[in-house]
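# Structure at a glance
Here is what each chain is made of, one letter per residue.
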Amino acid sequence: MVATIRFAPTGPVAAKHLHPRQSERHELRAGDLHLDFDRRRGPLAAGEPVTVPVGTPHRIWNRTGEHVELLVEATPALRSDEFLATLVRVRRPGRLADWNPLRLAAIAAAFPEESNLASPSPRAQRAMIRAISPLARRVEL
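Let me begin by describing the structure that accompanies this report. (Residues numbered from 1 in each chain as written. Predicted model: local features only at pLDDT ≥ 70, side-chain atom pairs only at ≥ 80, totals over all residues. Heavy atoms only, no water.)

## Considerations on helix α2 (residues 101-110)
The α-helix advances 3.6 residues per turn, and as a result positions three or four apart in sequence lie on the same side. For clarity, the cut-off: Under the scheme applied here, a residue whose accessible area is under 20% of the maximum for its type counts as buried, over 50% as exposed, and between as partly exposed, the area being computed with a 1.4 Å probe on protein chains only. For the purposes of this entry, the term helix denotes a DSSP run of H or I that reaches at least four residues, the term strand denotes a run of E that reaches at least two, and both are numbered from the N terminus. Any two residues having at least one pair of non-hydrogen atoms within 4.5 Å are treated as being in contact.
Residues R103, A105, A106 and I107 constitute the buried set of α2. Considering only its buried residues, α2 is in contact with α1 (80-90) and α3 (122-136).

## As for the sheet that holds strand β3 (residues 23-30)
For clarity, the threshold we go by: Between any two strands, pairing holds if DSSP finds at least two bridges. Axes here refer to lines fitted to C-alpha atoms; in helices the fit is confined to the stretch in contact. Angles between the N-to-C directions go from 0 to 180 degrees.
Spatially, four strands are ordered β1-β8-β3-β6 in an open sheet, and the strand pairing comes out antiparallel. The strands lining the two open edges of the sheet, one partner per strand, are β1 (2-7) and β6 (50-52). Between one strand and the next, the sheet's axes are offset by a mean angle of 30°, whatever the strand orientation. Strand direction decides the pairing type here: β1 and strand β8 (residues 68-75), joined by six bridges, are antiparallel. Each bridged residue has a counterpart across the sheet, and for R6 the counterpart in β8 is E69.

## Concerning the side chain of T86
Cut-off, in case you're wondering: The term polar contact refers here to a pair of N or O atoms within 3.5 Å; inside protein, the definition further demands a hydrogen-donor-capable atom paired with an acceptor-capable atom, and it admits residues adjacent in sequence only when both atoms are side-chain atoms.
Mapped onto the secondary structure, T86 falls in helix α1. Within the structure, T86 has its side chain in polar contact with the backbone oxygen of E82 (distance 2.9 Å).

## Quick look at the packing of α2 against α3
Keep this limit in mind: Angle categories are assigned with fixed cut-offs, so that under 35 degrees is roughly parallel, over 145 is roughly antiparallel, 65 to 115 is roughly perpendicular, and the rest are oblique. Lys, Arg, Asp and Glu make up the charged group, whereas Ala, Val, Leu, Ile, Met, Phe, Trp, Tyr, Cys and Pro make up the nonpolar group; the residues left over, Gly among them, are polar.
Remark: α2 packs on α3, axes separated minimally by 9 Å, with the N-to-C direction vectors making an angle of 105°. With respect to α3, the axis of α2 lies roughly perpendicular. Contacts from P101, L102, A105, A106, A108 and A109 of α2 reach α3 at I129, I132, L135 and A136. For the contact of α2 with α3, the per-class residue count stands at ten nonpolar, no polar and no charged.

Here you go:
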């Protein structure tokens, strides 16, 4: 899966997360973006790709008032296109409580191979998702 992601100046910051079965290659195309992973924290250099290995917790964010454009490649692709489309749809302007715990649990249950939070452990996350899944299944994605 290859996607161009655009970060708005005031866009959300992703929680520290990991991809249990995918590596993720980041290449900054425009703007100023920071990446935090594996004891490395700092700006990405435009045109210099950085690969986050499988299972490595990381976080990426726009730290400026400018728009940022990032090329991201997830290998293997799995269902990353569908996962990203779901995140964009859920985050669209005008929706209330976009990131409530039930919605996050529904997304995590639907895409367990694509992304997990860095903490608590994936095992603890699966247990929590199982516990609230009857309610989470009712949440629109």
